[in-house]
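These are the residues of each chain, in order.
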Amino acid sequence: MSTESTNLETIAIHGSMKDNPSPNEPVVPGIELSTIYEHRTDGIREEDWKYTRAGNPNRSQLEKVLASLEGGDNAAAFSSGVAAITSVFQAMNSGSHILVPDDVYFGTRMLVLDFAERWGLEVDFVDMTNPSTVEQALKANTAMIWVETPSNPLLQITDVAKMCTLAKKHGAIVAVDNTWPTPFNMQPFGLGADVVIHSTTKYLGGHSDILGGAVIVKQNEELFQKIRKIQITQGAVPSSFDSWLLARSIRSFPLRMRVHNENAGKMAAFLNEHPKVREVFYPGLESHPGHEIAKAQMSGFGGMISFLIEGDEADALKIVHGTKIVTAATSLGGIESIWEHRRSTEGERSVAPKDLIRFSVGLEHIDDLIADVEQALDK
Ligand SMILES: *Cc1c(COP(=O)(O)O)cnc(C)c1O
């Protein structure tokens, strides 16, 4: 069934089901594992499935629902979030200048530091909480502003609409890594963005058992064709099984997000009052410097919190290993609560504060979560 609805709960469930099923068809699409398709006797048509790397029904269903959730025109699914990010950087002409936030997902930073120059791209890291800093950093050859808000790991807020206005005046595009807010909490195309990127490994997958990524484009067919070409010819595509599993997970994603928002809001308020906690970074707190902008561009503040503790690295590590329900692990967006000492995870090149704990608040009962965190902090 395809849907005309603009409500995420309906799109998420019906946006990847079969179009116009014939009578007595299965309601839920199956997994098509064949990598090859029989040729027609009267010749291969453009729209025919041919070979699974170029396209298959499961990936196509997934791409359709991803585009609908973001209100975009087209989506390309990738085998990981970083493969999706890579495709957007590689779609830029060599000689282009790109602005990236100075607080950005570690993998994006590594990609830029290790590969941008080799791809002929010039990249500057800037403080994107301040539009005038961004304006001053624009150059004649600036082709893209890369936005991540709330940023990782400091949950800084960037005004997406302001970045889009600046970029448009300059003939550049705005790409938003919408992994953390998700389309449930923020709709970048409505704010003027040109491209949305996801690590679907996180909230869209939601169960810490699928690796995936996506690029969604609105009103820029030329850019989308470049992304599509990179997806198919470089081949970092998800398997049919992963595409099927992700489409399945997406059907419950809007409902999961409600509880992530609610639990993280309560957890942030608890941490904010705790004497062992020095500072909490959560855009839902009124004390957060980006709260007003976040409130204007997001409909919920998400499930991620970072906080600084009173103490050093050893104290932070003791706290993250002192819980019974919250697991010490990296990544985010799963139904289970996990947290980590971010600097240890990122390693030598990390710029994360030494006393920072990054918390992905899950869907367990909030009373159990707060009791678990409290006993770990009080130990
Ligand atoms: C995890 C993450 C990525 C990378 O995604 P992978 O699926 O791990 O490759 C990119 N951006 C953000 C904001 C992330 O949290």
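Because the structure is predicted, anything quoted here is derived from the model rather than measured.

(A) Highlighting helix 9 (residues 240-250). Of the positions making up helix 9, those classed as buried are Ser240, Ser243, Leu245, Leu246, Ala247, Ser249 and Ile250. Those residues of helix 9 hidden inside the fold are in contact with helix 1 (8-14), helix 2 (57-70) and helix 10 (253-273).

(B) Spotlight on unusual backbone geometry. Put simply, Thr149 and Pro150 share a cis peptide bond, and its omega is -5 degrees. Residue Pro153 is bonded to the preceding Asn152 through a cis peptide linkage, with omega at 5 degrees. Within the element layout of this structure, Pro153 appears in the loop between strand 4 (142-147) and helix 6 (160-170). Of note, the phi angle at Thr182 is positive, near 65 degrees, even though the residue is not glycine.

(C) Molecular detail of the domain arrangement of the protein chain. Partitioning the protein chain into structural domains gives domain 1 (8-250) and domain 2 (254-378). For domain 1 versus domain 2, the distance between C-alpha centres works out to 26 Å. Facing the 36 residues of domain 1 at the interface are 38 residues of domain 2. A combined buried area of about 3000 Å² lies between domain 1 and domain 2, and 60% of that area is made up of carbon and sulfur atoms. Here domain 1 and domain 2 share two salt bridges between them. One salt bridge connects Glu9 with Arg258, and the closest N-O pair in it is separated by 2.7 Å.

(D) Representation of a positive patch on the surface. Together, Lys276, Lys318, Lys324 and Lys379 make up a region of like positive charge exposed at the surface. Inspection of the secondary structure puts Lys318 in helix 12 (residues 313-320).

(E) Here's a closer look at the sheet that holds strand 5 (residues 173-177). Sheet architecture is open: seven strands sit in the order 1-7-6-5-4-2-3, paired in mixed fashion. Of all the strands in the sheet, the pair left with one neighbour each is strand 1 (74-78) and strand 3 (122-126). Averaged over all neighbouring strand pairs, the angle between strand axes comes to 20 degrees, with direction disregarded. Pairing between strand 1 and strand 7 (residues 213-217): five bridges, direction antiparallel. Its bridge partner lying in strand 7, Asn74 is registered against Val217. Against the sheet, helix 2 contacts strand 1, strand 6 (195-199) and strand 7, and its axis sits at roughly 125 degrees relative to strand 1.

(F) Highlighting the site of the ligand. Of all residues adjacent to the ligand, which total 14 residues, the nearest are Val82, Asp177, Ser199, Thr201 and Lys202. A distance of 3.1 Å separates an oxygen atom of the ligand from a polar atom in the side chain of Trp180. Between the ligand and Ser199 there is a distance of 2.8 Å, counted from an oxygen atom to a side-chain nitrogen or oxygen. Considered on its own, the ligand offers 380 Å² of accessible surface; in the complex 92% of this is hidden by protein. At three residues, helix 3 (residues 81-90) tops the list of elements feeding residues into the shell around the ligand. Here the shell around the ligand is built from residues that sort into six nonpolar, six polar and two charged.

(G) How the structure looks around the packing of helix 10 against helix 14 (residues 366-378). Between helix 10 and helix 14, the shortest axis-to-axis distance is 10 Å and the interhelical angle comes to 30 degrees. Relative to helix 14, the element helix 10 is oriented roughly parallel. Considering the relative orientation of helix 10 and helix 14, their crossing is right-handed. The residues of helix 14 that touch helix 10, namely those facing Asn263, Lys266, Met267, Phe270 and Leu271, are Ile366, Leu369, Ile370, Val373, Glu374 and Leu377. Considering only residue class, the contact of helix 10 with helix 14 consists of eight nonpolar, one polar and two charged.

(H) Molecular detail of the nonpolar core. If you look at the biggest cluster of nonpolar residues, it comprises 30 residues, and the most contacted ones within it are Leu62, Leu66, Leu69, Leu204 and Ile250. Counting residues per element, the ones that place at least two in this core are helix 1, helix 2, strand 1, strand 7, helix 9, helix 10 and strand 9 (304-309). Sort the elements by how many residues they give to this core and helix 2 lands first, with five residues. A domain split of this core shows at least three residues from each of domain 1 (8-250) and domain 2 (254-378). In this structure, Leu66 is in contact with Ala75, Thr200, Leu204, Ala214, Ile216 and Ile250, ignoring residues within four places of it in sequence. In this structure, Phe78, Ala116, Val217 and Ile227 belong to the second largest nonpolar core, which totals 29 residues.

Definitions and cut-offs
Residues numbered from 1 in each chain as written. Predicted model: local features only at pLDDT ≥ 70, side-chain atom pairs only at ≥ 80, totals over all residues. Heavy atoms only, no water. Buried < 20%, exposed > 50% of the residue type's maximum accessible area, 1.4 Å probe, protein only. Helix = DSSP H or I, 4+ residues; strand = E, 2+ residues; numbered from the N terminus. Contact = heavy atoms within 4.5 Å. Domains from an automatic or database assignment. Buried area = accessible area lost by both parts, 1.4 Å probe. Salt bridge = Lys/Arg side-chain N within 4 Å of Asp/Glu carboxyl O. Patch = residues over 30% accessible without salt bridge, like charges linked within 9 Å, V, L, I, M, F, W, Y side chains within 5 Å. Areas by Shrake-Rupley, 256 points an atom, 1.4 Å probe, with all protein chains shown as cover. Lys, Arg positive; Asp, Glu negative; His and termini not counted. Charge placed at Lys NZ, Arg CZ, Asp CG, Glu CD. Pairing = 2+ DSSP bridges. Axes fitted to C-alpha atoms, helices over the stretch in contact; angles between N-to-C directions. Near = heavy atom within 4 Å. Polar contact = N/O pair within 3.5 Å; in protein donor to acceptor, adjacent residues only side chain to side chain. Nonpolar A, V, L, I, M, F, W, Y, C, P; charged D, E, K, R; others polar. Parallel < 35°, antiparallel > 145°, perpendicular 65-115°, else oblique. Left-handed = near helix turned anticlockwise from the far one by under 90°. Core = buried A, V, L, I, M, F, W, Y, C linked by side-chain atoms within 4.5 Å.

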